[in-house]
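Chain by chain, the residues:
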Amino acid sequence: AAGTAGWAAMVNLPAPAETPKVQVHVSGLAGLLCTVLAEPAVPMRELKAAIEQASGIPAAQQRLVSGLQELGDLDRLPLEDKVDDIDITLVKRSPEHARWLFEVHRSWTRFLDAPHEVRGNREVAFEAVRHRGTVLRYASADLRADRGLVLAAVQSEGDALQ
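Now for a quick tour of the structure. (Residues numbered from 1 in each chain as written. Predicted model: local features only at pLDDT ≥ 70, side-chain atom pairs only at ≥ 80, totals over all residues. Heavy atoms only, no water.)

1. Here's the deal with the overall build of the protein chain
Counting its regular elements, the protein chain contains 7 helices and 5 strands. Counting from the amino terminus, helix and strand elements in the protein chain follow one another as α-β-β-α-β-β-β-α-α-α-α-α. Evaluated residue by residue, the protein chain yields a buried proportion of 33% over its 162 residues. Taking as baseline every contact in the protein chain between residues at least 6 positions apart, the subset at least 24 positions apart corresponds to 48%. In the structure as shown, the protein chain presents an accessible area of about 10300 Å², 53% of it carried by carbon and sulfur atoms. (Helix = DSSP H or I, 4+ residues; strand = E, 2+ residues; numbered from the N terminus. Buried < 20%, exposed > 50% of the residue type's maximum accessible area, 1.4 Å probe, protein only. Contact = heavy atoms within 4.5 Å. Areas by Shrake-Rupley, 256 points an atom, 1.4 Å probe, with all protein chains shown as cover.)

2. Here we look at the pairing of strand E1 (residues 22-28)
Judged by how many residues are buried, E1 sits mostly within the fold: 5 of 7 residues are covered. For E1 and strand E2 (residues 31-38), the ladder comprises 7 bridges, and the chain directions are antiparallel. Bridge assignment links Ser 27 to a residue of E2, and that residue is Leu 32. Hairpin connection, E1 to E2: the antiparallel pair is bridged by 2 residues. (Pairing = 2+ DSSP bridges.)

3. Considering the pattern of salt bridges
Per the counting criterion, the structure on display carries 11 salt bridges. As a salt-bridge pair, Glu 39 and Lys 21 come within 3.5 Å of each other at their nearest N and O atoms. With Glu 39 in the loop between E2 and helix H2 (44-55) and Lys 21 in the loop between helix H1 (2-11) and E1, the pair connects residues that are 18 residues apart, well separated along the chain. The exposure class of Glu 39 is partly exposed, given its relative accessible area of 40%. Here Arg 110 ties to Glu 103 by a salt bridge, and the two come within 3.1 Å at their closest N and O atoms. When salt bridges that share partners are traced, they join Arg 63, Glu 70, Arg 93 and Glu 123 into one network. (Salt bridge = Lys/Arg side-chain N within 4 Å of Asp/Glu carboxyl O.)

4. Side note on the packing of helix H5 (residues 122-131) against helix H7 (residues 147-156)
Their axes nearest at 7 Å, the elements H5 and H7 cross at an angle of 20 degrees. The pairing of H5 with H7 is recorded here as roughly parallel in orientation. H7 is crossed by H5, and the crossing has right-handed handedness. Taken together, the residues of H7 that come into contact with H5 (itself represented by Arg 122, Ala 125, Phe 126, Val 129, Arg 130 and His 131) are Gly 148, Leu 149, Ala 152, Ala 153 and Ser 156. (Axes fitted to C-alpha atoms, helices over the stretch in contact; angles between N-to-C directions. Parallel < 35°, antiparallel > 145°, perpendicular 65-115°, else oblique. Left-handed = near helix turned anticlockwise from the far one by under 90°.)

Purely geometric numbers; function is a separate question.
What follows is the structure in structure tokens.
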């Protein structure tokens, strides 16, 4: 019987502690939009889905910023040790901007016949040159002079400037 009790004690180990959640306070330019609970290692695309559910703002229209850094879809929450809440700023894209960003992400060739104002949008142009550097020549004149965009084009395709 003593052996049985020892065996039972070994089997009944405490369950692993649940991953602590972080309160993410999401604010827009007019103030607090919502607060969501998230695991610290959650990718931003999953956080955007939770924000969409809580606020009604489609994930594709969300640009999330922490401090001075925009958080990409694959980024994680920028947490310091033992933080249980974090403030994030949401800047909303227009539905048209979000649509063009999606279109160009799906096929860089959409950038070629995009309206002038779209070819002058840095975020959409960046998405296009990330896929095909030579598309830089279709960007607006201002963006063709943008050092960061030119660098992204050359990194994507070495002969992008030829």
